[in-house]
Amino acid sequence: MLRNRKCNLIIDSCCDLPADLVASYKVSLIRFTYVMSDGDHLDDLGASMSHHEFYERMRKGEEPTTTQVPIGELTEKFEEALKSGIPTVYLAFTAALSGTYDTAAVLAENMLKDYPDGELYVVDTKLPSAAEGLLVMEAVKHVNAGLTAKELVKWAEEARYYVNGFFTLPDLESLRRGGRIPDMAAVAGAKLDIKPILTYDNDGRLIFKSVARGRKKAIKQLLQLYSERQGGNSLNTVLVCAADTPKEQAALAESVIKESASPITLWQTQIGTVVGSHVGPGMLAIVFWGPDRRENLSLTDRIAQRVSSNSDD
């Protein structure tokens, strides 16, 4: 256990952080699986297959698929944590996009029966990709500062709503392939040069924010959204993420620095193979600490929330 640590941390590869950064954190990494024409691959943050190679294969026609984390991978990491006797927290990829959180929660509950004095907590970050990664980066700071496992769980369950993120795709094809939009909508979008701007809701589901005509206007919208929502939180780390489009990523990062109202710590990261299997090459994203996203509920969401709270009375 590192000095000052009162708990250990487990994260998963869908956080899409750089492999060397994750290695420096001294945390346990649970690896998702993706499948290509040559078989199964573990998502090891680009160590065994570079992100460039992965996206080049997609550009040449590969259509990778993804699966949940192998149960053996979860069991191994949880067993290590419980045998260590150190309280441990697993910050999991959003349950809205994967069944892994649910599997992990049930597994942890069952394994704790054999370790009645153990502490193992599974938290749904309700965040995808680098948004999850930004939460992980801050969580590590709190773990190193001496937060207990229970304190970290409470922190994460609140902090996740302050992670803001927006991204754009080069076309609608990946959304069509994933069944999120009809075939005709993708065809029409291609003819009109429509570029989607997406974000995620409070449960971690991907949702449309807006659309733009052309790539430049889409990137301009990303910057505008960042400019409007930055400064709602004192934390200053910003991630500019890309799926193998380095020139655009570098230009976007430079623009983000210029748009920032105060000094920031900026990281350029790659969208990993699991999320990348569903969005394809060319995705660009900005992820940052901002205002509480729960305050931006739509009228429909507010009504649903009110009905739910009344039904609990």
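Residues numbered from 1 in each chain as written. Predicted model: local features only at pLDDT ≥ 70, side-chain atom pairs only at ≥ 80, totals over all residues. Heavy atoms only, no water.

Participant: Mind showing me how you'd approach the overall build of the protein chain here?
Facilitator: A count of helical and extended segments in the protein chain gives 12 helices and 13 strands. The 313 residues of the protein chain split such that 49% are buried. Put simply, 74% of the contacts in the protein chain that link residues at least 6 apart link residues at least 24 apart. In the form shown here, the protein chain has an accessible surface area of approximately 14800 Å², with 51% of it arising from carbon and sulfur atoms. (Helix = DSSP H or I, 4+ residues; strand = E, 2+ residues; numbered from the N terminus. Buried < 20%, exposed > 50% of the residue type's maximum accessible area, 1.4 Å probe, protein only. Contact = heavy atoms within 4.5 Å. Areas by Shrake-Rupley, 256 points an atom, 1.4 Å probe, with all protein chains shown as cover.)

Participant: Can you walk me through the packing of helix α3 (residues 71-84) against helix α4 (residues 100-111) in this structure?
Facilitator: Packed helices, taken two at a time, are described by the angle between their axes plus the distance between the axes. Running from amino to carboxyl end, α3 crosses α4 at an angle of 45 degrees, the nearest separation of the two axes being 11 Å. With respect to α4, the axis of α3 lies oblique. Here α3 runs over α4; the crossing is right-handed. Residue-level inspection shows Ile71, Leu74, Thr75, Phe78, Glu79 and Leu82 of α3 in contact with α4, the latter providing Thr103, Ala104, Leu107, Ala108 and Met111. (Axes fitted to C-alpha atoms, helices over the stretch in contact; angles between N-to-C directions. Parallel < 35°, antiparallel > 145°, perpendicular 65-115°, else oblique. Left-handed = near helix turned anticlockwise from the far one by under 90°.)

Participant: Would you mind going over the pattern of salt bridges with me for this structure?
Facilitator: Any two side chains of opposite charge can pair, given that their charged atoms come close. Going through the model one piece at a time under the given rule, you end up with 13 salt bridges. Between glutamate 158 and arginine 294 there is a salt bridge; the shortest N-O distance is 2.6 Å. One end of the pair, glutamate 158, is in helix α6 (residues 149-159); the other, arginine 294, is in the loop between β13 (284-289) and α12 (299-311), and 136 residues separate them in sequence. The class of glutamate 158 is partly exposed, set by a relative accessible area of 35%. We note a salt bridge from lysine 258 to glutamate 254, for which the minimum N-O separation is 3.5 Å. Highlighted residues: lysine 258 and glutamate 254, both in helix α10 (residues 246-259), separated by 4 residues, approximately one helical turn. When its relative accessible area of 65% is taken as the criterion, lysine 258 is described as exposed. (Salt bridge = Lys/Arg side-chain N within 4 Å of Asp/Glu carboxyl O.)

Participant: What is the right way to look at helix α9 (residues 215-229) in this model?
Facilitator: Since the α-helix turns once every 3.6 residues, residues separated by three or four places project in the same direction. The end-to-end C-alpha distance of α9 is 22 Å, a good match for the 21 Å that 15 residues give at a rise of 1.5 Å each. Listed as buried for α9 are Arg215, Ala218, Ile219, Leu222, Leu223, Leu225, Tyr226 and Arg229. Down the axis, α9 shows its buried residues gathered within 155 degrees of arc, on one side only. Exposed residues pointing more than 90 degrees away from the buried face of α9 are listed as Lys216, Lys217, Lys220 and Glu228. Where α9 is buried, its residues touch β8 (163-168), β9 (194-200), β10 (206-213), β11 (237-242), α10 and β13. (Expected span 1.5 Å × (residues − 1). Arc of directions from axis to C-beta.)

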